[in-house]
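Descriptive structure summary
What follows is each chain in one-letter form.
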Amino acid sequence: MARQNYAEAGFHYQGLLEAHAADDAFRTWLARRLAIAELYQGATHRAREALARAPTPQTEALVACERYMSGRDRSPLVGGLCGLIPGLGYAYSGEYANGLRSLLLNGLFLFGLIKCAEEDLWGAAAVIGFFEITWYSGSIYGGVDAAHRFNRRRLEDCAEGIQGTARLEPDFSRLPAIGWRINF
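Bear in mind the structure is a predicted one, so any value in this text is a computation, not a measurement. (Residues numbered from 1 in each chain as written. Predicted model: local features only at pLDDT ≥ 70, side-chain atom pairs only at ≥ 80, totals over all residues. Heavy atoms only, no water.)

1. Quick look at the overall build of the protein
Quick reminder of the rule: Going along the chain from the N terminus, every DSSP run of H or I of four or more residues is numbered as a helix, and every run of E of two or more is numbered as a strand. The globule rule used for comparison is 2.2 Å times the number of residues to the exponent 0.38, while the radius of gyration itself is calculated over C-alpha atoms. Three exposure classes are used, based on accessible area relative to the maximum for each residue type with a 1.4 Å probe and protein chains only: buried under 20%, partly exposed in between, and exposed over 50%. The contact criterion used throughout is that any non-hydrogen atoms of two residues lie within 4.5 Å. Here the accessible surface of atoms and residues is derived via Shrake-Rupley with a 1.4 Å probe, and residues count as covered only by protein chains that are part of the display.
Of the regular secondary structure elements, the protein holds eight helices and two strands. Going from the N terminus to the C terminus, the protein shows its helices and strands as α-α-α-α-α-α-α-α-β-β. In terms of overall dimensions, the protein is more spread out than a globule: its C-alpha atoms have a radius of gyration of 25 Å, far above the 16 Å expected for 184 residues. With respect to the three principal axes, the spread of C-alpha positions in the protein is 80 × 40 × 25 Å. Relative to its full complement of 184 residues, the protein shows a buried share of 35%. Restricting to contacts in the protein with at least 6 residues of sequence separation, those with at least 24 account for 56%. Here the protein has roughly 11,100 Å² of accessible surface; of this, 62% comes from carbon and sulfur atoms.

2. Considerations on the nonpolar core
Grouped burial of nonpolar side chains is what soluble globular proteins tend to show. Selection rule: Residues belong to a common nonpolar core when they are buried Ala, Val, Leu, Ile, Met, Phe, Trp, Tyr or Cys residues joined through side-chain atoms within 4.5 Å.
If you look at the biggest cluster of nonpolar residues, it comprises 25 residues, and the most contacted ones within it are Tyr13, Trp29, Leu30, Ala35, Leu39, Leu51 and Ile162. Contributions of two or more residues to this core are made by helix H1 (6–19), helix H2 (24–40), helix H3 (44–52), helix H4 (59–70) and helix H8 (122–163). Broken down by element, the residue count for this core peaks at eight residues, all from H2. Discounting residues that sit within four places of it in the chain, Leu51 has contacts with Ala31, Arg32, Ala35, Gln58, Ala61, Leu62, Cys65 and Ile162.

3. Structural notes on unusual backbone geometry
The phi torsion at Gln4 lies on the positive side, around 60°, for a residue other than glycine. Tracing the backbone shows Gln4 in the segment before H1. A positive phi angle, near 55°, is found at Asp120, a position not held by glycine. Of note, Asp120 is situated in the loop between helix H7 (96–118) and H8. Look at Asp120 and you get exposed, because its relative accessible area is 55%.

4. Concerning the environment of Arg74
Positionally, Arg74 belongs in the loop between H4 and helix H5 (76–82). Considering only alpha carbons, one finds Arg74 and Ser93, 19 residues apart in sequence, at a separation of 6.6 Å. Those residues in contact with Arg74 that sit more than four places away from it in its chain are Tyr92, Ser93, Ala147, Phe150 and Asn151.

5. Details of the side chain of Glu38
Mapped onto the fold, Glu38 is located in helix H2. Its relative accessible area of 9% is what places Glu38 among the buried residues. Excluding residues within four positions of it along the chain, Glu38 makes contact with Ala43, Arg46 and Ala47.

Below is the structure:
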């Protein structure tokens, strides 16, 4: 999972899930991790199937899956096209502060460009114009990037909802042999 090789991680979690039939807490943890691996591969239906393999009902995790499946991702193409109007690409993905900042700064650059042109300050107008073109193209790219961030946040929120508070930690009470205890 740390290497973001979710197919390989899912393969290992599935093998462990089939091999550890006795320990319910460990099987529950494995089912949740398998569900997260499937989710990151884009297979939400297999994530739900993995949660069904847990020994106890995983209501909170299933709710997180349902919330993710009922939501919609943002299209980076639409975000970029909305970015043609400064700030709108950010607003499309819910980043209203970035959208307002983009709108204000593009407006200030345009205002400065117009004022310099009115007063025949063509050198300053060229410099401000260069910065405005740079900032304007950044607004378009920002709309695309904001859509990607929105989609990644949705996916990570779902993964956190599936994982819950469960974590794997060593059980030092079994020393000299080390075992695992699952805490929820």
